[in-house]
Amino acid sequence: MMTGKRLVISALVLALVQIGFLSWIIAGRAAILRDGRQVLLKVEPVDPRDLLRGDYIRLGYDISRIPVKLIANIPAGKLSSDNTPIVVRLKPGADGYWQPTAAWFGQAPAPAAADEADIVGHIAEGWNLSEAGTAITPDYGIERFYLPEGEGIAIQNDMRVRPFGIRVAIAKDGTAQIKALMDGDKTLFEEPLY
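Residues numbered from 1 in each chain as written. Predicted model: local features only at pLDDT ≥ 70, side-chain atom pairs only at ≥ 80, totals over all residues. Heavy atoms only, no water.

Engineer: Outline the overall build of the chain, listing residues and values.
Structural biologist: Of the regular secondary structure elements, the chain holds two helices and twelve strands. Secondary structure of the chain in N-to-C order comes out as α-β-β-β-β-β-β-β-β-β-α-β-β-β. Classification of the 194 residues of the chain by burial places 37% in the buried group. (Helix = DSSP H or I, 4+ residues; strand = E, 2+ residues; numbered from the N terminus. Buried < 20%, exposed > 50% of the residue type's maximum accessible area, 1.4 Å probe, protein only.)

Engineer: Account for the environment of E149, with residues named and values stated.
Structural biologist: Looking at where E149 falls in the secondary structure, it is placed in the loop between β9 (144–146) and α2 (152–159). Given the relative accessible area of 58%, E149 is considered exposed.

Engineer: Would you mind going over the layout of surface pockets in detail, with residue names and values included?
Structural biologist: Once rolled over the atoms, a probe with the size of a water molecule shows which space is left empty. The calculated volume of the largest pocket comes to roughly 340 Å³. Lining the largest pocket are 17 residues, and of these I170, A171, K172, D173 and G174 lie nearest its centre. Where the lining of the largest pocket is concerned, the elements lending two or more residues are α1 (2–35) and β7 (117–123). Taken together, the residues of the lining of the largest pocket break down into nine nonpolar, two polar and six charged. (1 Å grid on protein atoms, 1.4 Å probe; cavity = no way out; pocket = protein on both sides within 12 Å on 5 of 7 lines; lining within 4 Å. Points joined across faces, edges and corners; volume = space filled by probe spheres on them. Nonpolar A, V, L, I, M, F, W, Y, C, P; charged D, E, K, R; others polar.)

Engineer: Tell me about a nonpolar patch on the surface, and name the residues and values.
Structural biologist: On the surface, F21, L22, W24, I25 and I26 cluster together into a nonpolar patch covering about 560 Å² of accessible area. Along the chain, I26 turns up in helix α1. Of the residues examined, I26 reaches a relative accessible area of 42% and is grouped as partly exposed. (Patch = residues over 30% accessible without salt bridge, like charges linked within 9 Å, V, L, I, M, F, W, Y side chains within 5 Å. Areas by Shrake-Rupley, 256 points an atom, 1.4 Å probe, with all protein chains shown as cover. Salt bridge = Lys/Arg side-chain N within 4 Å of Asp/Glu carboxyl O.)

Engineer: Help me get a handle on the packing of aromatic side chains, residues and values and all.
Structural biologist: Aromatic rings in a pair are described by how distant their centres are and how their planes are angled relative to each other. In the structure shown here, the tally under the stated rule is one aromatic pair. Pairing F21 with W24 gives two aromatic rings, centres 5.9 Å apart and planes at 35°, and the pair type is tilted. Here F21 pairs with W24, and both are found in helix α1, just three residues apart, close to one helical turn. Looking at F21, the relative accessible area reads 48%, which means it is partly exposed. Among the residues examined, W24 registers a relative accessible area of 61% and is labelled exposed. (Phe/Tyr/Trp six-rings, centres within 6.5 Å; stacked < 30°, edge-to-face > 60°.)

Engineer: Report on the environment of W104, specifying residues and quantitative values.
Structural biologist: Take W104: it is sitting in strand β6 (residues 98–105). Along the chain, W104 and A72 lie 32 residues apart, while their C-alpha atoms are 5.6 Å from each other.

Okay, here's the thing in structure tokens:
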């Protein structure tokens, strides 16, 4: 009889730990969306469909291609290692879209100014950093935006003829979350906090 009670208590404790962990992940994402610095990035469509998850837009940005000449602290080996973190400093352009102005591996040497924001991405292994004319492609975790069923192809086609943007919330540590899909000045879809 005592073993059955222990089993039930153990199962309850495990369930509470799992619920707590999931709540922590959701609350962290919501905190970025609620309190993060908002920037607007111009997007380029790549692919509209995922067979298992439905319609989405695979997004590319101006910050998806960082010229090696923008990186201030290129390592001595001149090749990126696996999952190298990169900080990209953004500043708003005249058109309202934020553009990369500088980048550093690891961390920025100084905090961003009031009119700037730092976003953190990761670089895959093997990028050649010795050629000044090349560019690397960081992954920021904001490269997909899921849409209601049946809307991905229409939005992708619209993106090819007029400018679309993604409003992104960036936490103080540089973690980014997509906040909204924009068609010019119009908000098409906004992510809920929870």
